[in-house]
Amino acid sequence: MNSRKIQVNSVTSLREFQQYLVQCNNIIALCGAGLSVASGIPTFRGSNGLWKEYSQIDLATPEAFQSDPSLVWQFYSARRYQALNAKPNKGHFSLAELSQRLNNNHNKKNINLYDNLYNKKFITLTQNVDALSLRANHDPNTLLQLHGSLFDLKCTGFLCNYHEENRFTHPLVPALELSNLDKAFHSINEKLKKRKIVSDSQNNNNDIEFEEVDDQNVQYDPVKDIKIEDLPHCPKCKKNLLRPSIVWFGESLPLNVIDKADNFIEENKIDLILVIGTSGTVWPAMGYVERVIRQGGKVAIFNTEIDLEELKKDGVGWGFKGDCEKLLPKALE
Ligand SMILES: CC(C)NC(=O)[C@H](Cc1c[nH]c2ccccc12)NC(=O)[C@H](CCCC/N=C(/NCCC(=O)O)S[C@H]1O[C@H](COP(=O)(O)OP(=O)(O)OC[C@H]2O[C@@H](n3cnc4c(N)ncnc43)[C@H](O)[C@@H]2O)[C@@H](O)[C@H]1O)NC(=O)OCc1ccccc1
């Protein structure tokens, strides 16, 4: 197939993609928020996307945590609660099944012949922090959480390397108890809006009047101002705050994760990268697609929004337009 010919959503493209898939030896899946939409987790930039409501800078940076750990903890505690109450969807399960099938074929009896013959390798690079791929029983050795997880915690102390995986406790501390998720997100939004108004007025040095909102008829509880001592603290050094072990903007990805991904790409000629439910705006995550294309590998995009021009320009391979929860099981069967 000449690389310029782009196939989108046609039966032929699906068959052609599947014929190519079975010939591939080394495959990568790069996932974004679109993969978890069917599990009820909002995207970041979609219509009611998180970063639509709030700016990353206010909540997903070390500076934001430094200046207002109470607000940032309430934001991540609410997302943790949301992810805890979510369930993996068929999109997560089809990737997990592929990881179990391809990576464990050495010691399994019931594998079909060609899987073993071709000794295939598959890794998933997820930008999602909701741990739903793990809960879908994806092979943990080949699932790389590029941006960390809502369920990993680490100490903020420079000299303390404490970290824990905590997938079940909610709330982590009584002060982070939240009555209603939407209300919690709404109140965080209100607080940031107010803060923005204040900062805008200061910048344009005009003083502002806040018409006092009498809270009782406003259906949301204002963001709590949780005292530092009531926030999650490190049980080891007993001094410093714990923080979500999430990669915030301006922070490096986990080095062990970068190394594993780099080694996989350097040691294997990657035949195919599945780009699933991501807007491709965050780096260095998107750099992996470029590296596969540079290696001569093909790209298959699964997204509700497919920009054909972009596809044509890159001459990537395939674009499957639609909900990845429906597309992936069919494409990877
Ligand atoms: C915004 C962007 C321009 N900024 C960056 O990329 C920055 C800066 C930067 C670095 N290099 C650059 C190069 C160029 C430009 C900018 C940069 N990168 C960083 O800061 C990175 C760190 C980036 C990681 C930030 N953390 C996240 N998450 C954790 C937090 C949290 O979650 O709160 S990023 C976060 O946003 C990203 C959201 O993107 P998507 O997942 O794609 O979601 P989005 O909503 O955008 O799109 C959803 C898509 O799904 C589709 N969809 C919707 N429904 C469905 C459906 N049903 N089915 C299929 N598809 C669907 C939609 O159409 C859409 O396409 C994810 O990565 C997510 O993890 N760190 C760093 O560079 O550090 C340096 C360094 C290096 C060494 C040492 C010290 C420092």
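As the structure is a prediction and not an experimental result, all values here were calculated from the model.

Thresholds applied
Residues numbered from 1 in each chain as written. Predicted model: local features only at pLDDT ≥ 70, side-chain atom pairs only at ≥ 80, totals over all residues. Heavy atoms only, no water. UniProt positions renumbered as here; feature names shortened; annotations may be inferred. Helix = DSSP H or I, 4+ residues; strand = E, 2+ residues; numbered from the N terminus. Contact = heavy atoms within 4.5 Å. Buried < 20%, exposed > 50% of the residue type's maximum accessible area, 1.4 Å probe, protein only. Near = heavy atom within 4 Å. Polar contact = N/O pair within 3.5 Å; in protein donor to acceptor, adjacent residues only side chain to side chain. Areas by Shrake-Rupley, 256 points an atom, 1.4 Å probe, with all protein chains shown as cover. Pairing = 2+ DSSP bridges. Axes fitted to C-alpha atoms, helices over the stretch in contact; angles between N-to-C directions. Core = buried A, V, L, I, M, F, W, Y, C linked by side-chain atoms within 4.5 Å.

A. Highlighting the UniProt feature "binding site: Zn(2+)" (unreviewed entry) in the protein chain. Here, UniProt's "binding site: Zn(2+)" (unreviewed entry) annotation points to Cys155, Cys160, Cys234 and Cys237. Spatially, the listed residues are clustered: although they cover 83 residues, their C-alpha atoms lie within 8.8 Å of one another. Assignment of secondary structure puts Cys160 in the loop between β5 (148–155) and β6 (163–165). Apart from residues lying up to four places away in sequence, Cys160 is in contact with Cys155, Cys234, Lys236 and Cys237. With respect to the helices and strands, Cys234 occurs in the loop between α9 (181–203) and β7 (242–246). If we ignore the near neighbours within four places in the chain, the residues touching Cys234 are Cys155, Cys160, Tyr162, Lys239, Asn240, Leu241 and Leu242.

B. Focus on the UniProt feature "active site" (unreviewed entry) in the protein chain. The UniProt entry lists His147 under the feature "active site" (unreviewed entry), expressed in the numbering used here. Along the chain, the position of His147 falls in the loop between β4 (143–145) and β5. Owing to a relative accessible area of 11%, His147 belongs among the buried residues under this scheme. Here His147 is in contact with Thr126, Gln127, Val129, Ser245, Ile246, Val247, Leu253, Val282 and Ala285, once residues within four sequence places are set aside.

C. Molecular detail of the site of the ligand. Among the 33 residues in the neighbourhood of the ligand, the closest are listed as Arg45, Tyr76, Arg79, Thr278 and Ser279. His147 is positioned such that a nitrogen or oxygen atom in its side chain is 2.7 Å from an oxygen atom of the ligand. Asp323 is positioned such that a nitrogen or oxygen atom in its side chain is 3.2 Å from a nitrogen atom of the ligand. Computed on the free molecule, the ligand has an accessible area of 1500 Å², of which 75% lies beneath the protein chains in the complex.

D. Representation of helix α11 (residues 287–294) within the structure. Among all positions in α11, only Gly287, Tyr288, Val289 and Val292 are buried. Directly beyond the C-terminal end of α11, a positive phi value near 85 degrees is found at Gly296.

E. Focus on the environment of Asn256. Tracing the backbone through its elements, the reader meets Asn256 in helix α10 (residues 255–267). It is 26 Å that separates the C-alpha atoms of Asn256 and Gly296, two residues lying 40 residues apart in sequence.

F. Representation of the sheet that holds β5. With antiparallel pairing, the three strands of this open sheet are ordered in space as β6-β5-β7. The open sheet is flanked by β6 and β7, the only strands paired with a single partner. Averaged over all pairs of adjacent strands, the angle between their axes in this sheet comes to 35 degrees, without regard to strand direction. Note: β5 against β7, four bridges, orientation antiparallel. Its bridge partner being in β7, Lys154 is matched across the sheet by Arg243. Of the strands in this sheet, β5 and β7 are in contact with helix α5 (residues 69–84), which crosses β5 at around 135 degrees.

G. Summary view of the nonpolar core. Ranked by internal contacts, the top residues of the largest apolar core, which has 40 residues, are Leu59, Val72, Trp73, Tyr76, Leu150, Ile188 and Trp248. Per-element accounting of this core gives the leading share, seven residues, to α5. In this structure, Leu98, Phe302, Trp318 and Cys324 belong to the second largest nonpolar core, which totals 25 residues.

H. Looking closely at the side chain of Gln127. Looking at where Gln127 falls in the secondary structure, it is placed in the loop between β3 (121–126) and α8 (132–135). Among the polar contacts listed, one links the side chain of Gln127 to the side chain of Thr278, at a separation of 3.0 Å. With sequence-adjacent residues up to four places away left out, Gln127 is seen in contact with Leu30, Cys31, Gly32, Leu146, His147, Thr278, Val282 and Ala285.

I. Geometry of the environment of Lys224. Looking at where Lys224 falls in the secondary structure, it is placed in the loop between α9 and β7. When the C-alpha atoms of Lys224 and Leu176 are compared, they prove to be 8.9 Å apart, with 48 residues separating the residues in sequence. Excluding residues within four positions of it along the chain, Lys224 makes contact with Ser70, Gln74, Ala175, Leu176 and Glu177. Here the side chain of Lys224 touches Ala175 through a polar contact of 2.9 Å, landing on its backbone oxygen.

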